[in-house]
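Here are the chains, one letter per residue:
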Amino acid sequence: MRIKAVQLAVQSALPESMQGQEVPLTAKGISALMYRVAIEHPEQYSAVLKKVGDLGRNAAYWQGETVGLDDLRDALDTRPYFKV
């Protein structure tokens, strides 16, 4: 089995019982992975989320990704939740 360096970095961030499975490095794949961590290892969730998030931020930085104003908009309408 060939594992890319990024896959290896993600694997090392996971709890030991979840390592060794190749995970698609897409938004859906990472989301499903983090869901599994939350269900199977809730006590390690925040640490794993931090490590995987740091990997993503570093990858975006080194690839020269940019953030536009549209990227900063809320994913849902939050006005009902706040007094305006």
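Parameters and conventions
Residues numbered from 1 in each chain as written. Predicted model: local features only at pLDDT ≥ 70, side-chain atom pairs only at ≥ 80, totals over all residues. Heavy atoms only, no water. Core = buried A, V, L, I, M, F, W, Y, C linked by side-chain atoms within 4.5 Å. Buried < 20%, exposed > 50% of the residue type's maximum accessible area, 1.4 Å probe, protein only. Helix = DSSP H or I, 4+ residues; strand = E, 2+ residues; numbered from the N terminus. Contact = heavy atoms within 4.5 Å. Salt bridge = Lys/Arg side-chain N within 4 Å of Asp/Glu carboxyl O.

S.K.: Before we move on, could you go through the nonpolar core and cite the residues and values that matter?
M.R.: Judged by nonpolar contacts, Val10, Ala13, Leu14, Met18, Val23, Leu33, Met34, Val37, Val48 and Val52 together constitute the single largest core of ten residues. Contributions of two or more residues to this core are made by α1 (5-13), α2 (27-40) and α3 (45-63). Ranked by the residues each element gives to this core, the list is headed by α2, at three residues. With sequence-adjacent residues up to four places away left out, Val10 is seen in contact with Leu25, Leu33 and Leu55.

S.K.: Could you give me a rundown of the pattern of salt bridges, with the residues and numbers involved?
M.R.: Under the defined criterion, the tally for this structure stands at three salt bridges. One salt bridge in this structure joins Arg36 and Glu40, with 3.2 Å as the shortest N-O distance. Here Arg36 and its partner Glu40 are both found in helix α2, four residues apart, which amounts to about one turn of the helix. What makes Arg36 partly exposed here is its relative accessible area of 28%. Taken together, the salt bridges that share partners define one network made up of Lys50, Asp54 and Arg57.

S.K.: Report on the side chain of Gln7, specifying residues and quantitative values.
M.R.: Secondary-structure assignment places Gln7 in helix α1. According to the relative accessible area criterion, Gln7 is buried, its value standing at 6%. With near-sequence residues (within four places) excluded, Gln7 lies in contact with Glu22, Val23, Pro24 and Leu25.

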